[in-house]
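Coordinate analysis (summary)
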Amino acid sequence: AHLPRTRAAPWQGAPCSGARRVSPQPLGGWWVHSVFFGGGTPSLASPLTIAAVLETVSQCARLAADAEVTLEANPTSAGASRLAGFRAAGVNRLSIGIQSVDDAELQLLGRDHTADEALRTLEEAKKLFPGRTSIDLIFGLPGQSVASWARGLERLLQLCDDHVSLYQLTLERGTSLFKLVQQGALPTPEQDMLAEMYEVARRMLQDAGFRQYEVSNFARNGALSTHNLSYWQGSQYIGIGPGAHGRFVPRGSGASLREARIQTLEPDNWMKEVLAWGHGTRKRVAQNPLDVLEEILALGLRTDVGIAHQHWLQFAPSLSLWDAFGASEEVKELEDQGLLLLDHRGLRCSWRGLAVLDSLLPTLLNQLQQTWADRVSPT
Ligand SMILES: *[C@@H]1O[C@H](CO)[C@@H](O)[C@H](O)[C@H]1NC(C)=O
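With an unreviewed UniProt entry as reference, the protein chain is termed Radical S-adenosyl methionine domain-containing protein, source organism Crocodylus porosus. According to the UniProt record, the Function (unreviewed entry) comment for the protein chain reads "May be a heme chaperone, appears to bind heme. Homologous bacterial proteins do not have oxygen-independent coproporphyrinogen-III oxidase activity. Binds 1 [4Fe-4S] cluster. The cluster is coordinated with 3 cysteines and an exchangeable S-adenosyl-L-methionine." What the UniProt record of the protein chain gives under Subcellular location (unreviewed entry) is the line "Mitochondrion".

Quick look at the structure:
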């Protein structure tokens, strides 16, 4: 389950009540294998709140003894001092939003931590969560060069633990950064340069012993995030908190289709709804089998192992990967270009293909839709 985007103390009981009543039915028989506190600045929450949410989860469902419990932490000094408290509360994996080790870049990003604080939080985290500390980094900032990006990464590779996530900056409307770029005060990063930054980074990470197990994620010594891996593999998850997403088959309701659920985005409204109705679910959409397959395809191909035949058949008993993709000329072309593989193991991207997955997906989704229409529901 993906759990709350818990924010700060004022909410206290709300996430717990939201967890208790996430669906009209209790979560009775469910096994929960991972819990993720993320989506904002959950490390502002008190360890007591985290402990209370975990307690509620274990009352409502079966929380596996070895469940992965991740917390997203901002690398401020206030956050660092709470890490031991979070561990005592049951958190066993940390994801630190370091973003950059350049103070000017951090300012540009509007972060309220310094590079120094980031590195000190990392130090502290490694002591408390050895082998289970991850860092998030952003590349593609206006004004950043390939060389300066590589220097920052080099420095972090000396200090980091066994998991690194890389994100390309997306300029979001309404941010001051967006305005500065739009006004021409800062340069727009070129597409070619962004691709080179990504390429340089994945090679450096590979040289440092990391496996790129997903488009944006790297792990060594087997320190993969099981939470996110289960998401890319299409497992069911429950999202609790403002704007949280979930995907699951509601139990006890007689439904057999998966539902996509979205909780109310605005925090105050979300809380009011939870207090009034016991849940903050704003939208429920039943996913038809093709919707689900499209997700399985798009998410599964993000991983280096891709989609195994057996795994696919669980979602598409009547349309194997061979049926869907085996006869397509376009798919064969992608294979010939060395970007995609369809073989006895299943369907997956090559190392080169992973870097350009977004450009492969339209072809693959289109192919899936066509074969689905032809074979499964001929009209
Ligand atoms: C992992 O999943 C959480 C939500 O469940 C998300 O907030 C986070 O960004 C994901 N991390 C990666 C590296 O995809």
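With respect to the packing of aromatic side chains
Applying the stated rule across the entire model yields six aromatic pairs. Seen from their ring centres, phenylalanine 139 and tryptophan 149 are 5.4 Å apart, and the 35 degrees between their planes marks the pair as tilted. Pair noted here: phenylalanine 139 is in strand 4 (residues 133–139) and tryptophan 149 is in helix 7 (residues 146–159), with a separation of ten residues, a long-range link. Exposure class is identical for phenylalanine 139 and tryptophan 149. Each is buried. Ring centres of tyrosine 231 and tyrosine 237 lie 5.5 Å apart, and the angle between their planes is 75 degrees; on these two criteria the pair is classed as edge-to-face. Looking at tyrosine 237, the relative accessible area reads 9%, which means it is buried.

Focus: the nonpolar core
Counting 82 residues, the largest nonpolar core has Trp312 and Phe325 as its most contacted members. A domain-level breakdown of this core finds at least three residues from each of domain 1 (8–229) and domain 2 (308–375). One finds Leu109, Leu141, Val181 and Leu186 within the second-largest nonpolar core, a separate group that totals seven residues.

Structural notes on the pattern of salt bridges
Under the counting rule described, the total for this entry stands at 15 salt bridges. Note that arginine 261 is salt-bridged to glutamate 259, the shortest N-O span being 2.9 Å. A single burial state applies to arginine 261 and to glutamate 259, both of which are buried. Across the pair aspartate 323 and arginine 375 runs a salt bridge whose closest N-O atoms are separated by 3.4 Å. Here aspartate 323, found in helix 14 (residues 321–325), pairs with arginine 375, found in helix 17 (residues 357–376); they are 52 residues apart in sequence, far enough to count as distant. Given a relative accessible area of 52%, arginine 375 falls into the exposed group. A cluster of three or more residues bridged by salt bridges with shared partners is formed by Glu68, Arg93 and Arg132.

Side note on the domain arrangement of the protein chain
How big an interface is tends to be stated in terms of the accessible area lost upon association of its parts. By the assigned domains, the protein chain splits into domain 1 (8–229) and domain 2 (308–375). The straight-line distance from the C-alpha centre of domain 1 to that of domain 2 is 31 Å. The interface of domain 1 with domain 2 comprises seven residues on the first partner and four residues on the second. Where domain 1 abuts domain 2, roughly 550 Å² becomes buried across the two surfaces, and 63% of that area is made up of carbon and sulfur atoms. For the interface between domain 1 and domain 2, the tally reads zero salt bridges. Run the count over domain 1 and domain 2 and you get one residue pair in polar contact (both at pLDDT 80 or more). Residue contributions to the side of domain 1 that touches domain 2 peak at five residues, all from helix 9 (residues 191–207).

Remarks on the confidence of the model for the protein chain
Averaged over every residue, the pLDDT of the protein chain is 90; the share at 70 or more is 90%. Counting interchain partners and residues more than four positions distant, the pLDDT-below-50 stretch residues 1–12 has 52 contacts.

Remarks on the sheet that holds strand 10 (residues 281–286)
An order of 8-9-10 is seen for the three strands of this open sheet, with the pairing classed as antiparallel. Each edge of the open sheet is held by one strand with a lone partner, namely strand 8 (245–248) and strand 10. Going from strand to strand, the sheet's axes swing by 20 degrees on average, the running direction of each strand aside. Where strand 8 lies against strand 9 (residues 259–263), four bridges are found, and the strand directions are antiparallel. Looking across to strand 9, one finds that glycine 246 is bridged to arginine 261.

Some remarks on the layout of surface pockets
If a probe the size of a water molecule is rolled over the atoms, the empty space left behind becomes visible. If you add up the space inside the second largest pocket, you get close to 490 Å³. Around the second largest pocket, the lining comprises 18 residues; the ones closest to its centre are Gln168, Tyr198, Val215, Ala355 and Asp358. Of all elements in the fold, only strand 5 (163–168), helix 9, helix 16 (351–355) and helix 17 reach the threshold of two or more residues within the lining of the second largest pocket. For the lining of the second largest pocket, the leading source of residues is helix 9, giving five residues. Across the lining of the second largest pocket, the residue classes tally to eleven nonpolar, four polar and three charged.

The rules behind each value
- Residues numbered from 1 in each chain as written.
- Predicted model: local features only at pLDDT ≥ 70, side-chain atom pairs only at ≥ 80, totals over all residues.
- Heavy atoms only, no water.
- UniProt positions renumbered as here; feature names shortened; annotations may be inferred.
- Phe/Tyr/Trp six-rings, centres within 6.5 Å; stacked < 30°, edge-to-face > 60°.
- Helix = DSSP H or I, 4+ residues; strand = E, 2+ residues; numbered from the N terminus.
- Buried < 20%, exposed > 50% of the residue type's maximum accessible area, 1.4 Å probe, protein only.
- Core = buried A, V, L, I, M, F, W, Y, C linked by side-chain atoms within 4.5 Å.
- Domains from an automatic or database assignment.
- Salt bridge = Lys/Arg side-chain N within 4 Å of Asp/Glu carboxyl O.
- Contact = heavy atoms within 4.5 Å.
- Buried area = accessible area lost by both parts, 1.4 Å probe.
- Polar contact = N/O pair within 3.5 Å; in protein donor to acceptor, adjacent residues only side chain to side chain.
- pLDDT = per-residue confidence, 0-100.
- Pairing = 2+ DSSP bridges.
- Axes fitted to C-alpha atoms, helices over the stretch in contact; angles between N-to-C directions.
- 1 Å grid on protein atoms, 1.4 Å probe; cavity = no way out; pocket = protein on both sides within 12 Å on 5 of 7 lines; lining within 4 Å.
- Points joined across faces, edges and corners; volume = space filled by probe spheres on them.
- Nonpolar A, V, L, I, M, F, W, Y, C, P; charged D, E, K, R; others polar.

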